[in-house]
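# Chains, contacts and geometry: an overview
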Amino acid sequence: MEQKDFVFIQDQIGYNFQNTDLLQQAFVRRSYSKEYGGEDNEVLEFIGDKVLDLIVIKLLAEKYGCFTSDYEDYNPNEEFDEFSCSKNEAELTELKKKLVQKKTLADRINVLDLADYLIMGNGDVQNNINQEMSVKEDLFEAIIGAVALDSDWDMEELQDVVQIMLDPDSYLEDDIKDNYVELIQEWTLKRYGMVPWYHFEKASQAVWYFPFDGISSSYNGSSELKHSCLLKLGNLNTIFRSFGTSKNEARKAVCELAYKQLEQQDLLFSIRDEIPNPNKDEAISQLEILARRGYFSIPFYDFVQKYDNNGSPIWECTCRIKEKAKYFSAKSSSKKYAKKQAAYQMLKYTLL
């Protein structure tokens, strides 16, 4: 790996390695070590798998659980301070499974844009093994394993890295609209075709009170804010900076700052930007694209078959969307064409 690769990867995961050989090893497939020698990432993957389980369980316990002393009506004279959780064991098991499953970890490697840095043998390269879901899962776990060893099992560092790499809020929260990390990711990919650039630093008084030119910064004066996160979006001139009690909280804060400034400057995408060429032939799929991107629920269609005076069949299709007050109907001798017409009318309405 080149120095610029190390810089990019470390910025993406929010951790600076003391031993960059460990970081490189996390990306080395066994196929490469068999051909050229050296160590591969399989043991790191084993370590990372177990560390990931522990950290995810810790995050779930912190999110959904608390001790009795955290309640307002807690009686300090009671002998025991019990742990209470809003989720039962089965629910926690399902949430953990969702966070550590193969698809989730592979998706996160895609979001972090790290699969292309894999170091593979010739056979793996020819077969594009780096695009396989299981290979990306292995890479995610190997990186966590490398951080565990490099940090000497520092739980704070490990939790920060897991939160940054995994972004569990994207999978645990029902409402995505306030997940600014996800919103900034989507905006940057759509606008520039690349992922956002993050850089984490220890916060200091000098950083707080002497902002650099071109940096939009937020700071609420709290001495508890230990970490700073810088954010760069493609070739946008402004660099954003914010602070948090952890690296993950600093990242959330800087993404919220950036998103709100993009909104103020009218730089956010609207629903009209999603479909550059609305047309009748593609209206059904275009409506579904908008639904998949969260603008509304999946459209549904009702069909009624009638007959004209000559006894020929006439199809009437009605297109409805749960969140929309209006619905649209169209008639045709072709069931498929009636659906296209109804969908096109709905599409034009949603894009107004």
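Residues numbered from 1 in each chain as written. Predicted model: local features only at pLDDT ≥ 70, side-chain atom pairs only at ≥ 80, totals over all residues. Heavy atoms only, no water.

### Let's talk about the nonpolar core
Counting 49 residues, the largest nonpolar core has Ile13, Phe27 and Leu114 as the members making the most contacts within it. Broken down by secondary-structure element, the contributors of at least two residues to this core are helix 1 (3-13), helix 2 (20-25), helix 4 (42-64), helix 5 (89-100), helix 6 (102-112), helix 8 (133-150), helix 9 (155-166) and helix 10 (169-172). Once residues lying within four places of it in the same chain are set aside, the contact partners of Leu114 are Phe8, Ile9, Gln12, Ile13, Phe27, Ile109, Leu139 and Ile143. (Core = buried A, V, L, I, M, F, W, Y, C linked by side-chain atoms within 4.5 Å. Buried < 20%, exposed > 50% of the residue type's maximum accessible area, 1.4 Å probe, protein only. Helix = DSSP H or I, 4+ residues; strand = E, 2+ residues; numbered from the N terminus. Contact = heavy atoms within 4.5 Å.)

### Let's talk about the sheet that holds strand 7 (residues 300-307)
With respect to topology, three strands assemble into an open sheet ordered 7-8-9, the strand pairing being antiparallel. This sheet does not close on itself; its edge strands, each paired only once, are strand 7 and strand 9 (328-332). On average, each strand axis in the sheet is inclined to that of its neighbour by 20°, with strand direction left out of account. As defined by bridge partners, strand 7 adjoins strand 8 (residues 313-320) across eight bridges and the pair is classed as antiparallel. Across the sheet, Tyr301 pairs through a bridge with Cys319, a residue of strand 8. Relative to the sheet, helix 16 (residues 335-350) contacts strand 7, strand 8 and strand 9, its axis offset from that of strand 9 by approximately 150°. (Pairing = 2+ DSSP bridges. Axes fitted to C-alpha atoms, helices over the stretch in contact; angles between N-to-C directions.)

### Quick notes on the confidence of the model for the chain
For the chain, the mean per-residue pLDDT works out to 89, and 89% of the residues sit at or above 70. Overall, residues 208-214 carries pLDDT values under 50, and its contacts beyond four positions in sequence, including any with other chains, amount to 12 contacts. (pLDDT = per-residue confidence, 0-100.)

### A short note on the pairing of strand 9
Along strand 9, the buried face is formed by Phe328, Ala330 and Ser332; none of Ser329 and Lys331, which line the opposite face, is buried. One ladder, built from five bridges, connects strand 8 with strand 9; its direction is antiparallel. Bridge pairing in strand 9 links Thr318 to Ser329.

### Here we look at the pairing of strand 5 (residues 227-232)
Taken across its six residues, strand 5 has five buried, putting it largely inside the fold. Relative to strand 5, strand 3 (residues 197-202) runs antiparallel, the two being bridged by six bridges. Pairing of Trp197 across the sheet is with Lys232, part of strand 5. Of the pairings in the sheet, the one linking strand 5 to strand 6 (residues 239-244) comprises six bridges and is antiparallel in character. Paired with Leu230 across the strands is Arg241, a residue of strand 6.

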